[in-house]
Amino acid sequence: MTCLYLNHFDHVSMSDNMVVPMNRKMKVDLMSEMAFTLVDKIQKALHTELDNTAIFVANQYAGWTYGGPQLDAVIQGGMNKVQTFQATAWFPAAIQGEISIEHKTSGIAKTFSSGSWSAVHALEALFMSSSDFSSALLIGADAITLDFQKKVCHEKLGFSSGIYWTKDKSPLCQDSCHPLDST
Amino acid sequence: MNKVYILRSSVVSPLGNTNTDNFVNQIDGKHGISVMESHGVSPWKSKFCAKVTSKSKSTRTVDDIAKIAAENLVEDFPGVLSNARVIMGTAVGSAVELEYERRRNKLPDESFFSFEKAGISVSNTIKSSKKPIAVSTGCTAGLDAIGLAFDRLRLGFEDIVVAGASEATICEIVVASFDRINALSCAENCDSASIPFCDDRSGFVIGEGAGLVVMCTDKYIEQSGLEPIAEFLGWESISSNFHMTAIDQKGTDIATSITKLVKKCNVDPIDIKFVDTHGTSTYQNDCAEFAALIGIFGLNPEIHVTCQKSLNGHALGAASAIEIANIVEFIRNRKVPGYVNSDRVSSDFKRLPFTTKPKAVRDGDLFLKIANGFSGIHSTGLIRAL
């Protein structure tokens, strides 16, 4: 079992200004925009590089702010009306890909979509992982869904939270916050 | 640390809804690729798909397909699986049902937005009361689910797990997503639609299906007296941080995943006898995978290379689970099919020893499975024949 030290917790809501890399604007869903903003906040707070960081994401739904209009477009106008970024913007693992590319992280990255248990399963997988990494990000994406067909299926909640852990104890670590003992 | 074994697998694919159908058709080199019917306002640019067939329904859903695979396991192990944790992968979840409901102008059921339906379907079928785990890492989801099962078993958090993935993909929004980025095959002939590593390949054929494996610990084997087919030695997964869809054609990231895996499992690459490629039939994947394999294995003529997507198409998140479930069946039957298009392999890739001939499996033979996916995910797994 991996022993990790909690370094930082942060969150982003719809009231935050979104920090999206210029080359990713219009190509990603709101869930990824919020993850970009979240990780930017964490990085600024810690002044750390994320190169050997594992990314575990709890993301219950897909990106429907991007995918909803694409579904309508394909039904009404045919497949040529679908944007070319649908395949990469919509699926739940988009967040881990966008963050790993933007921050040049090469460690293991996995996304869990087990309903309300997603975060539990992501956290368990992080602590059970046999992969080699020096730090880890646990990102919770409260998925942004859509008013499908002009009726509200899910409200736009727009909340993302993140926890940054390290394998080594640092001055920023909080002693009492590593949740599972090393065995 | 526990050792992790594989007791049995179950495959539902365009080649058939039973392990036997899948094994026989693979050995015979028959493909499951057929003409794709369009339900939308525009014709498909890609003409072919690899669809699961059924007498009772024309369209299968992700949970239907998973259920068929789980029912096959229950037949093999009546009463054994009720204590098992289910870990299931999927890339597109219930996209088929969502699109169907949207076309009917109906407000979709909330469950259609979930990625859990396949796992719940398998859990219900095997009568497990444990909360299923849903993994949604795109096209590596199947191998990732099996790898995550390995982690839980290795540390003793579970005794027995049913792991794998299920996918239903044949709907306009899913096909359009890949068609718009020119990832799908443009072949005019279904026999040439999915031909990894061949000169005239033009992309992948979208497929569907499910693959499940029953995994357990060495302690469970001792207590139950059940006989394992294979040992799962370990897995590795890295992020390339290269591009959301593209792969570095030098193969560096695939090679890194393999190198880390063999080191972790304490295996010399020269001892690996079988390599089951990701083999999508896209130019980028073929170049990257070839470079990685040549870099690691050199010109070892003893390696037997397989490309299951040439017959099954690409079932996205379920692909690697179907392929691992088939590997388990190859081991059980002591025979691995060759690559049916070996004689058409591009001269660029001839240094890999492709052959049409099946190869016999011996005790202790090692199988390497490779899976690549969008978001720059490169996962690998290592299986030992018993």
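No experiment lies behind these values; they were computed from the predicted model shown.

1. Thoughts on the overall build of chain B
In terms of helices and strands, chain B carries eleven helices and 15 strands. The C-alpha radius of gyration computed for chain B amounts to 19 Å, which stays within 12% of the reference 21 Å derived for 386 residues, consistent with globular compactness. By principal-axis analysis of the C-alpha atoms, chain B measures approximately 55 × 50 × 40 Å. Counting all 386 residues of chain B, 63% fall into the buried class.

2. Overview of the pairing of strand β10 (residues 272-276) of chain B
Residues and elements named next belong to chain B. Burial runs high along β10: four of the five residues are buried. Note: β10 against strand β14 (residues 366-373), four bridges, orientation parallel. The partner of V275 across the bridge, within β14, is L368. The sheet contact formed by β10 and strand β11 (residues 304-306) spans three bridges and is parallel. Looking across to β11, one finds that F274 is bridged to H304. Handedness of the crossover joining β10 and β11 through helix α9 (residues 283-297): right-handed.

3. Details of the domain arrangement of chain B
All names here are of chain B. Parsing chain B into structural domains produces domain 1 (4-224) and domain 2 (232-385). Breaking the side of domain 1 that touches domain 2 down by element, the ones donating at least two residues are β1 (4-12), α1 (19-28), β3 (48-50), α5 (141-154), β6 (160-167), β7 (206-207) and β8 (209-217). When residues in the side of domain 1 that touches domain 2 are grouped by element, the largest group, eight residues, is from α5. Taken together, the residues of the side of domain 1 that touches domain 2 break down into 32 nonpolar, 25 polar and six charged.

4. What about the packing of α1(B) against helix α11 (residues 319-333) of chain B?
Residues and elements named next belong to chain B. α11 packs onto α1 with a crossing angle of 80 degrees between their chain directions and a minimal axis gap of 10 Å. Judged on the interaxial angle alone, α11 and α1 are roughly perpendicular. Here N19, N22, F23 and Q26 of α1 lie close against α11, whose contacting residues are N326, E329 and N333. Tallied by class, residues from the contact of α1 with α11 come to one nonpolar, five polar and one charged.

5. Things to note about helix α4 (residues 94-103) of chain A
Summarising burial for α4(A): seven of the ten residues are buried, a large majority. Listed in full, the buried residues belonging to α4(A) are A94(A), I95(A), Q96(A), G97(A), E98(A), I99(A) and S100(A). Where the residues of α4(A) are buried, they touch α1 (30-46), β2 (53-59), α3 (86-90), β3 (109-112) and β4 (135-142) of chain A together with β9 (230-239) of chain B.

6. Some remarks on the interface of chain B and chain A
Contacts between the two partners involve 51 residues from chain B and, on the opposite side, 47 residues from chain A. Among the secondary structure elements, those contributing two or more residues to the side of chain B that touches chain A are α3 (95-103), β5 (133-135), α5, α6 (172-179) and β9 of chain B. Its residues assigned to classes, the side of chain B that touches chain A shows 22 nonpolar, 15 polar and 14 charged.

7. Quick look at the sheet that holds β3(B)
Residues and elements named next belong to chain B. Spatially, the three strands line up as an open sheet ordered β2-β3-β7, and their pairing is mixed. Edge positions in the sheet fall to β2 (33-35) and β7, since each of these pairs with one other strand and no more. Of the strand pairs in this sheet, β3 and β7 are connected by two bridges, and their pairing is parallel. Paired with C49 across the two strands is I206, which belongs to β7.

8. Re the packing of helix α8 (residues 252-264) of chain B against α9(B)
All names here are of chain B. Interhelical geometry of α8 versus α9 gives an angle of 40 degrees and a closest axis separation of 8 Å. Considering their axes alone, α8 and α9 lie oblique with respect to each other. At the point where α8 passes α9, the crossing takes the right-handed sense. Of α9, the residues touching α8 (which contributes I254, A255, I258 and T259) are A288, E289, A292, G295 and I296. Tallied by class, residues from the contact of α8 with α9 come to six nonpolar, two polar and one charged.

9. As for the nonpolar core
Residue and element names in this part refer to chain B. A145, V162 and M215 are the most contacted members of the largest nonpolar core, which has 177 residues in total. At nine residues, the largest contribution of residues to this core is made by α11. Inspection of this core shows a minimum of three residues originating in each of domain 1 (4-224) and domain 2 (232-385). With sequence-adjacent residues up to four places away left out, V162 is seen in contact with L73, L81, A84, V86, V122, I126, L212 and V214.

10. A few points about the pairing of β2(A)
Residues and elements named next belong to chain A. Burial analysis of β2 places seven of its seven residues in the buried class, the great majority of the element. Every second residue of β2 is oriented toward a common face, with T53, I55, V57 and N59 on one face and A54, F56 and A58 on the other, all of them buried. Where β2 meets β4, seven bridges bridge the pair, whose relative direction is parallel. Bridged to A58 within β4 is G140.

How each quantity is defined
- Residues numbered from 1 in each chain as written.
- Chains lettered and ligands numbered in written order.
- Predicted model: local features only at pLDDT ≥ 70, side-chain atom pairs only at ≥ 80, totals over all residues.
- Helix = DSSP H or I, 4+ residues; strand = E, 2+ residues; numbered from the N terminus.
- Rg over C-alpha atoms; globule rule 2.2 N^0.38 Å.
- Buried ≥ 20, exposed ≤ 12 C-beta atoms within 10 Å, placed from the backbone.
- Pairing = 2+ DSSP bridges.
- Right-handed = clockwise from strand over helix to strand, strands pointing away.
- Domains from an automatic or database assignment.
- Nonpolar A, V, L, I, M, F, W, Y, C, P; charged D, E, K, R; others polar.
- Axes fitted to C-alpha atoms, helices over the stretch in contact; angles between N-to-C directions.
- Parallel < 35°, antiparallel > 145°, perpendicular 65-115°, else oblique.
- Contact = placed C-beta atoms within 7 Å.
- Left-handed = near helix turned anticlockwise from the far one by under 90°.
- Core = buried A, V, L, I, M, F, W, Y, C linked by C-beta atoms within 7 Å.

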